[in-house]
Amino acid sequence: MNTEDMKKAVAVAALDWVQENTIIGVGTGSTANCFIDALADSNLQIEGAVASSESTAERLKTAGFDVHDLNATGPLSVYIDGADEADPNLHLIKGGGGALTREKIVAAASEKFICIADASKKVDVLGAFGLPVEVIPMARSYVAREIVKLGGDPELRDQFRTDNGNLILDIFNMQITDPIALEQQLNQLAGVVSCGLFALRPADVLLLGNADNSVEKVVR
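These figures come from a predicted structure and were not determined experimentally.

Thresholds, definitions, all that
- Residues numbered from 1 in each chain as written.
- Predicted model: local features only at pLDDT ≥ 70, side-chain atom pairs only at ≥ 80, totals over all residues.
- Heavy atoms only, no water.
- Salt bridge = Lys/Arg side-chain N within 4 Å of Asp/Glu carboxyl O.
- Helix = DSSP H or I, 4+ residues; strand = E, 2+ residues; numbered from the N terminus.
- Buried < 20%, exposed > 50% of the residue type's maximum accessible area, 1.4 Å probe, protein only.
- Pairing = 2+ DSSP bridges.
- Axes fitted to C-alpha atoms, helices over the stretch in contact; angles between N-to-C directions.
- Contact = heavy atoms within 4.5 Å.

Student: Please set out the pattern of salt bridges residue by residue, giving values where relevant.
Tutor: Where charged atoms from two side chains of opposite charge approach closely, those side chains can pair. All chains considered together, the criterion is met by 12 salt bridges. When the shortest N-O distance is used, the salt bridge between D37 and R59 registers 3.0 Å. Of this pair, D37 sits in helix 2 (residues 30–41) while R59 sits in helix 3 (residues 54–62), placing them 22 residues apart in sequence. For D37, a relative accessible area of 33% gives the class partly exposed. Through salt bridges that share partners, D81, K94 and E103 make up one connected network.

Here's what the structure looks like:
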């Protein structure tokens, strides 16, 4: 199987966690897009979805699903999204597509968080993938200096604005051995909206697509 086939396999597997006649949360990125396609091809009936980005909202609408404002829904039954990295404790790095803040909000509002990814995303220690941090524009330089003090190399994501109108600093060259502590430290920096560590609220289930066509399930 190639990577795209792995993504499609885990997207189909994630349908088992969709409760019919509920509103679900849907993430952002290529694997989440595979899930939207799989859901559209299934016979599952849902009331609609909360999207973690404008691009996901458009894809959901195109697939025929109602898109809801999280403020009007109450708790969601499940949130399904991909990841850039996942460690053995189901702590994640997310935000390669820049939607980390809305992804974090929707995950927090969901009873279950099902992470779907190809096997290459499973790592022993987080940090090989640049860790995104969403920052208010006026805080960019200050936050970057503070990240250097924490041992990271921040780079401004070129020509990019989030759906919230903010900037992304990607942190490189960090081995993240304590994701919870680092998430807390980054969240405390003035001007940080959120970071792409999902450790305080990790995934509940990780579905990994393997090259042999199997899907591995890891439960926290």
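This is not the end of the story, as more comes after the structure.
Student: An account of the sheet that holds strand 9 (residues 167–172) is needed here, citing residue identities and associated values.
Tutor: Taken in spatial order, the four strands make up an open sheet running 8-9-7-10, and their pairing is antiparallel. Each edge of the sheet is formed by a strand with only one pairing partner; in this case those strands are strand 8 (153–156) and strand 10 (192–195). Going from strand to strand, the sheet's axes swing by 30° on average, the running direction of each strand aside. As paired elements, strand 7 (residues 131–135) and strand 9 share five bridges and run antiparallel to each other. Among the inter-strand pairings, E134 is bridged to a residue of strand 9, identified as I168. Against the sheet, helix 4 (residues 100–108) engages strand 7, strand 9 and strand 10, with an angle of about 70° to strand 10. Helix 6 (residues 179–187) contacts strand 7, strand 9 and strand 10 of the sheet and is inclined by roughly 165° relative to strand 10.

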